[in-house]
Amino acid sequence: MKFRMQPLRAALALGFVLTAGLVSACDVNAKIDISNEKGGTFAFMNPVIRTPMAGRPTAGYFDFNYNYKVPDQIISVASPEFKRVEMHDSITDGGMKKMVKLDTLDLPAKSSIKFAPGGKHLMLFEPTRVVKAGELIKVTFVFAEREPIDVSFEVKDVIPVAGSSGSPETMDHSKMDHGSMDHGTMNHGDKKP
């Protein structure tokens, strides 16, 4: 896996677009488009993090559109507000739902990926300070083929999820005990398959 740095000019142009995107991220229902001179765009939509309970990990969700003709990979995720951020997926193995850590995430050309309860999601461990609902938290995505991207996630107490009938419902995830669960072998109560 090779990480290539973009020329300074492209990095400066991307920085300008990113700054505009981060300012607009205050409205997390807005689409955050990030483009550069390679002729493609990223789109982060609805980036949210559940309000963490003291001493417990929490989860982050968003929709991601990758509108490039060539594939890429997310090779790491980090935030200055948490000691560790991991990408996870919920899979079914032997009829049981469990979580697995994703070391990297492939981004096929012209693809859309949903990070949502019961599927792919971010796990954010050990907040470096008290994180409260309504705050914006910076999360940095590192890619194999382009510069890192900073995205502002809104912290929320309750995250809307799709119900079994397909209609939206809400689940209060803040009262669940994530710390006592084995995140390598089971889901953390996000949603049944």
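Scroll up to find the structure.
All of these numbers come straight from a predicted model, not from anything done at the bench.

What follows covers the overall build of the protein. A tally of helices and strands in the protein yields one helix and 13 strands. Secondary structure of the protein in N-to-C order comes out as α-β-β-β-β-β-β-β-β-β-β-β-β-β. When the 193 residues of the protein are sorted by exposure, 44% land in the buried category. Contacts spanning at least 24 positions in sequence make up 62% of the contacts within the protein whose residues lie at least 6 apart. Split by element, the accessible area of the protein, about 9800 Å² in all, is 56% carbon and sulfur.

Burial analysis of strand E11 (residues 149–156) places six of its eight residues in the buried class, which makes it a mostly covered element. Direction of pairing for strand E2 (residues 41–50) relative to E11: parallel, over a ladder of three bridges. Paired with Ile-49 across the two strands is Val-155, which belongs to E11. Looking at chain direction, strand E10 (residues 136–143) and E11 are connected through six bridges and run antiparallel. Following the sheet pairing, Leu-136 is matched in E11 by Glu-154. Connecting E10 to the antiparallel partner E11 that follows it, the hairpin turn spans five residues.

Looking now at unusual backbone geometry. Although it is not a glycine, Lys-110 adopts a positive phi angle of roughly 50°. Mapped onto the elements, Lys-110 comes out in the loop between strand E7 (105–107) and strand E8 (111–115). With a phi close to 50°, Glu-126 is a non-glycine residue in the positive phi region. Within the element layout of this structure, Glu-126 appears in strand E9 (residues 121–127). Looking at Glu-126, the relative accessible area reads 43%, which means it is partly exposed.

Time to look at the nonpolar core. Core analysis: the biggest nonpolar cluster contains 28 residues, and Leu-122 and Phe-141 have the highest contact counts within it. In this view, Leu-122 contacts Thr-58, Ala-59, Gly-60, Phe-62, Val-77, Val-85, Glu-86, Met-87, Phe-115, Val-139, Phe-141 and Phe-153; residues no more than four positions away in its chain are not counted. In terms of nonpolar packing, the next biggest core, distinct from the first, is built from six residues, Val-48, Ala-59, Tyr-61 and Met-123 among them.

Of note, Met-99 is situated in strand E6 (residues 96–102). Separated by 21 residues in sequence, Met-99 and Lys-120 have C-alpha atoms that sit 9.0 Å apart.

Basis of the calculations
- For every chain, the first residue of the written sequence is number 1, and numbering continues from 1 along that sequence.
- Selection of residues for local features in this predicted model requires a pLDDT of at least 70, selection of side-chain atom pairs for listing and counting requires 80 or more, and totals for whole chains, interfaces and linings are taken over all residues.
- The side-chain values count all of the structure's non-hydrogen atoms but skip hydrogen atoms and water molecules.
- Labels follow the DSSP assignment, with helices taken as runs of H or I lasting at least four residues and strands as runs of E lasting at least two, numbered in each case from the N terminus.
- Accessible area is worked out with a 1.4 Å probe on protein chains only. A residue is then buried under 20% of its type maximum, exposed over 50%, and partly exposed in between.
- Residue contacts are defined here by distance: any two heavy atoms, one from each residue, within 4.5 Å place the two residues in contact.
- What sets the accessible areas is the Shrake-Rupley method with a 1.4 Å probe; for residues, cover comes only from the shown protein chains.
- By definition, two strands form a pair when at least two bridges between them are found by DSSP.
- Buried Ala, Val, Leu, Ile, Met, Phe, Trp, Tyr and Cys residues that are joined via side-chain atoms within 4.5 Å together make up what is termed a nonpolar core.

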